[in-house]
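# Structure at a glance
Here is how the chains run, residue by residue.
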Amino acid sequence: MKKKPTLASILREYGVDEGTIKMGKKGLRYRSIVEKGVAWYWCARYVRRRDAKAFGTCISCDKPKTFNELQGGHFVPASECGTNLLMDERNVNGECGRCNTWVESHLWGYEKGLNKRYGEGTGQELRRRFDDNKDSTKKYSREEWKEIALKYKKLYEIHTH
């Protein structure tokens, strides 16, 4: 009989850091499907690295921030955006913990930052995409989540060098 892999061994296979591994499922934002949690882990790390290197500021308040001070913050909220925008690289940007968590009006600055980084109307386009697709959330398989995780892990590694 084949031994079932442990959560720790699965996370190590994906290259997740030991601190997150020690936290177990609590270390992952999405826990019901481990591969989805790992995909978000690498997507957020990639976005934080990308934005720390390219801009060095929080997208919402424009204050200087490092990789460790940034979080992967969503313009269209993660709780509402569905898989269509959950890991969209324009919907997720480096945002300081204060703006991402505590400042209710952060989206004003976030939209201004989006338009500055990606072109005028980016915030409106993301809202339109949300409105057009909010009732049709694609369900990804574990294999698809794994592919997404590996894509963002690779992007993170490229931006680290």
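Residues numbered from 1 in each chain as written. Predicted model: local features only at pLDDT ≥ 70, side-chain atom pairs only at ≥ 80, totals over all residues. Heavy atoms only, no water.

Counted under the stated rule, the structure contains eleven salt bridges. Among the salt bridges present, the one from R128 reaches D132, with a minimum N-O distance of 3.2 Å. Residue R128 and its partner D132 are both found in helix α7 (residues 122–133); the two are separated by four residues, about one turn of the helix. By relative accessible area, D132 is classed as exposed at 52%. The network of salt bridges with common partners includes R50, D51 and R117. (Salt bridge = Lys/Arg side-chain N within 4 Å of Asp/Glu carboxyl O. Helix = DSSP H or I, 4+ residues; strand = E, 2+ residues; numbered from the N terminus. Buried < 20%, exposed > 50% of the residue type's maximum accessible area, 1.4 Å probe, protein only.)

What follows covers the environment of K25. Looking at where K25 falls in the secondary structure, it is placed in the loop between α2 (18–23) and α3 (34–54). Separated by 123 residues in sequence, K25 and I148 place their C-alpha atoms 19 Å apart. Look past the residues within four positions of K25 in its chain and what remains in contact with it is L7, R31 and V34. (Contact = heavy atoms within 4.5 Å.)

Spacing of three or four residues puts side chains on the same side of an α-helix, whose turn is 3.6 residues. With 19 residues, helix α8 (residues 142–160) extends 27 Å between its outermost C-alpha atoms, agreeing within 8% with the 27 Å of an ideal straight helix rising 1.5 Å per residue. Within α8 the residues assigned to the buried category are W145, I148, A149, Y152 and Y156. Projected onto a plane normal to the axis of α8, the buried residues spread over an arc of 100° and lie on a single side. More than 90 degrees from the buried face of α8, the exposed residues found are E147, K154 and I158. Of the surrounding elements, those touching the buried residues of α8 are α3 and α4 (78–86). (Expected span 1.5 Å × (residues − 1). Arc of directions from axis to C-beta.)

The predicted model of the chain averages 90 in pLDDT, with 97% of residues at 70 or higher. The weakest mean pLDDT in the chain belongs to helix α1 (residues 7–13) at 84; the strongest belongs to strand β2 (residues 92–96) at 97. (pLDDT = per-residue confidence, 0-100.)

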